[in-house]
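Secondary and tertiary structure notes
Listed below are the residues making up each chain.
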Amino acid sequence: EGNRAQYHTTKDEWWVIVEGEFDWHLPGKTIHAKPNDVVFIRKGTPHRINCTSKNPGIRLAHGGRDMPHIYVKQQP
(Lines give C-alpha, C1' and ligand atoms only; values in the text may rest on other atoms or scores of the structure.)
Protein backbone atom coordinates (compact mmCIF):
# COMPACT_ATOMS: atom_id res chain seq x y z
CA GLU A 1 0.00 0.00 0.00
CA GLY A 2 1.14 3.58 -0.25
CA ASN A 3 -0.14 7.12 -0.07
CA ARG A 4 -2.78 8.80 -2.23
CA ALA A 5 -1.65 10.76 -5.28
CA GLN A 6 -0.88 14.32 -4.22
CA TYR A 7 1.13 17.42 -5.00
CA HIS A 8 2.29 20.50 -3.15
CA THR A 9 1.81 24.09 -4.29
CA THR A 10 4.27 25.91 -2.05
CA LYS A 11 7.43 23.81 -1.73
CA ASP A 12 9.53 21.15 -3.43
CA GLU A 13 9.84 17.87 -1.53
CA TRP A 14 12.67 15.36 -1.20
CA TRP A 15 13.38 12.11 0.60
CA VAL A 16 16.42 10.08 1.69
CA ILE A 17 15.88 6.32 1.69
CA VAL A 18 17.17 4.80 4.93
CA GLU A 19 15.92 1.20 4.62
CA GLY A 20 13.93 -0.75 2.05
CA GLU A 21 12.96 0.23 -1.49
CA PHE A 22 10.27 2.57 -2.77
CA ASP A 23 8.64 3.54 -6.05
CA TRP A 24 7.57 7.11 -6.76
CA HIS A 25 4.82 7.15 -9.37
CA LEU A 26 4.80 10.38 -11.36
CA PRO A 27 2.92 11.31 -14.53
CA GLY A 28 4.61 9.30 -17.29
CA LYS A 29 7.35 7.67 -15.18
CA THR A 30 8.28 5.75 -12.05
CA ILE A 31 11.37 6.38 -9.93
CA HIS A 32 12.74 3.36 -8.03
CA ALA A 33 14.84 4.21 -4.96
CA LYS A 34 17.05 2.11 -2.65
CA PRO A 35 18.92 2.86 0.60
CA ASN A 36 21.05 6.04 0.42
CA ASP A 37 19.21 7.31 -2.69
CA VAL A 38 17.69 10.79 -2.68
CA VAL A 39 14.46 11.49 -4.55
CA PHE A 40 13.57 15.12 -5.40
CA ILE A 41 10.12 16.19 -6.64
CA ARG A 42 9.37 19.77 -7.71
CA LYS A 43 6.31 21.52 -6.31
CA GLY A 44 3.23 21.01 -8.45
CA THR A 45 4.25 17.48 -9.54
CA PRO A 46 1.66 14.81 -8.66
CA HIS A 47 3.27 11.82 -6.98
CA ARG A 48 2.31 8.61 -5.21
CA ILE A 49 4.76 6.51 -3.15
CA ASN A 50 4.76 2.75 -2.53
CA CYS A 51 7.17 0.66 -0.48
CA THR A 52 8.26 -2.21 -2.74
CA SER A 53 10.58 -4.10 -0.39
CA LYS A 54 9.52 -7.26 1.43
CA ASN A 55 10.07 -5.65 4.85
CA PRO A 56 8.84 -2.18 5.83
CA GLY A 57 10.98 0.66 4.56
CA ILE A 58 12.10 3.92 6.16
CA ARG A 59 12.29 7.21 4.27
CA LEU A 60 13.19 10.60 5.68
CA ALA A 61 11.05 13.32 4.09
CA HIS A 62 11.78 17.03 3.80
CA GLY A 63 9.46 19.60 2.34
CA GLY A 64 8.42 22.26 4.75
CA ARG A 65 6.36 22.89 7.80
CA ASP A 66 2.62 23.25 7.19
CA MET A 67 3.05 22.39 3.50
CA PRO A 68 -0.42 21.92 1.95
CA HIS A 69 -1.17 18.54 0.35
CA ILE A 70 -3.45 18.68 -2.68
CA TYR A 71 -4.88 15.22 -3.37
CA VAL A 72 -5.78 14.17 -6.90
CA LYS A 73 -8.57 11.72 -7.67
CA GLN A 74 -6.71 9.76 -10.32
CA GLN A 75 -3.42 8.03 -9.53
CA PRO A 76 -0.53 9.28 -11.72
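Refer to the structure presented above.
Residues numbered from 1 in each chain as written. Predicted model: local features only at pLDDT ≥ 70, side-chain atom pairs only at ≥ 80, totals over all residues. Heavy atoms only, no water.

Side note on the sheet that holds strand E6 (residues 48-51)
Quick reminder of the rule: In this analysis, strands are considered paired if DSSP registers two or more bridges between them. Each helix is a run of H or I in the DSSP string that is no shorter than four residues. Each strand is a run of E no shorter than two, and both are numbered from the N terminus. Here, axes are lines fitted to C-alpha atoms. For helices the fit covers the stretch in contact, and angles between N-to-C directions go from 0 to 180 degrees.
Taken in spatial order, the three strands line up as E4-E3-E6 in an open sheet, and their pairing is antiparallel. The open sheet has two edge strands with one neighbour each: strand E4 (29-33) and E6. On average, each strand axis in the sheet is tilted by 20° relative to the strand beside it, whichever way the strands run. Note: strand E3 (residues 22-26) against E6, four bridges, orientation antiparallel.

Focus: the nonpolar core
Threshold: Note on terminology: a nonpolar core comprises buried Ala, Val, Leu, Ile, Met, Phe, Trp, Tyr and Cys residues joined through side-chain atoms within 4.5 Å. Whether a residue is buried, partly exposed or exposed follows from its accessible area with a 1.4 Å probe, protein chains only, as a fraction of its type maximum: under 20%, in between, or over 50%, in that order.
Judged by nonpolar contacts, Trp 15, Ile 17, Phe 22, Trp 24, Leu 26, Ala 33, Val 39, Ile 41 and Ile 49 together constitute the single largest core of nine residues. Of all the secondary-structure elements, those providing two or more residues to this core are strand E2 (13-19), E3 and strand E5 (38-41). Here this core gets three residues from one element, more than from any other, and that element is E3.

Points about the pattern of salt bridges
Stated precisely, the cut-off is as follows: Each salt bridge in this description consists of a side-chain nitrogen of Lys or Arg and a carboxyl oxygen of Asp or Glu lying within 4 Å of one another.
Throughout the structure, instances matching the rule amount to one salt bridge. When the shortest N-O distance is used, the salt bridge between Asp 12 and Arg 42 registers 3.7 Å. Of this pair, Asp 12 sits in the loop between strand E1 (6-7) and E2 while Arg 42 sits in the loop between E5 and E6; the two residues are 30 residues apart in sequence, bridging distant segments of the chain.

Observations regarding the environment of Phe 22
For clarity, the cut-off: When checking whether two residues touch, look at their non-hydrogen atoms; a contact exists if any pair is within 4.5 Å.
Mapped onto the fold, Phe 22 is located in strand E3. When the C-alpha atoms of Phe 22 and Gly 57 are compared, they prove to be 7.6 Å apart, with 35 residues separating the residues in sequence. For Phe 22, the contacting residues outside a window of four places in its chain are Ile 17, Ile 31, His 32, Ala 33, Ile 49, Asn 50, Cys 51, Thr 52, Gly 57, Ile 58 and Arg 59.

Overview of the sheet that holds strand E7 (residues 58-62)
Strand order across the open sheet formed by three strands is E5-E2-E7, with antiparallel pairing between neighbours. Of all strands in the sheet, those bounded by a partner on one side alone are E5 and E7. Pairs of neighbouring strands in the sheet enclose a mean axial angle of 20°, with direction left out of account. Pairing between E2 and E5: four bridges, direction antiparallel. Following the sheet pairing, Trp 14 is matched in E5 by Phe 40.

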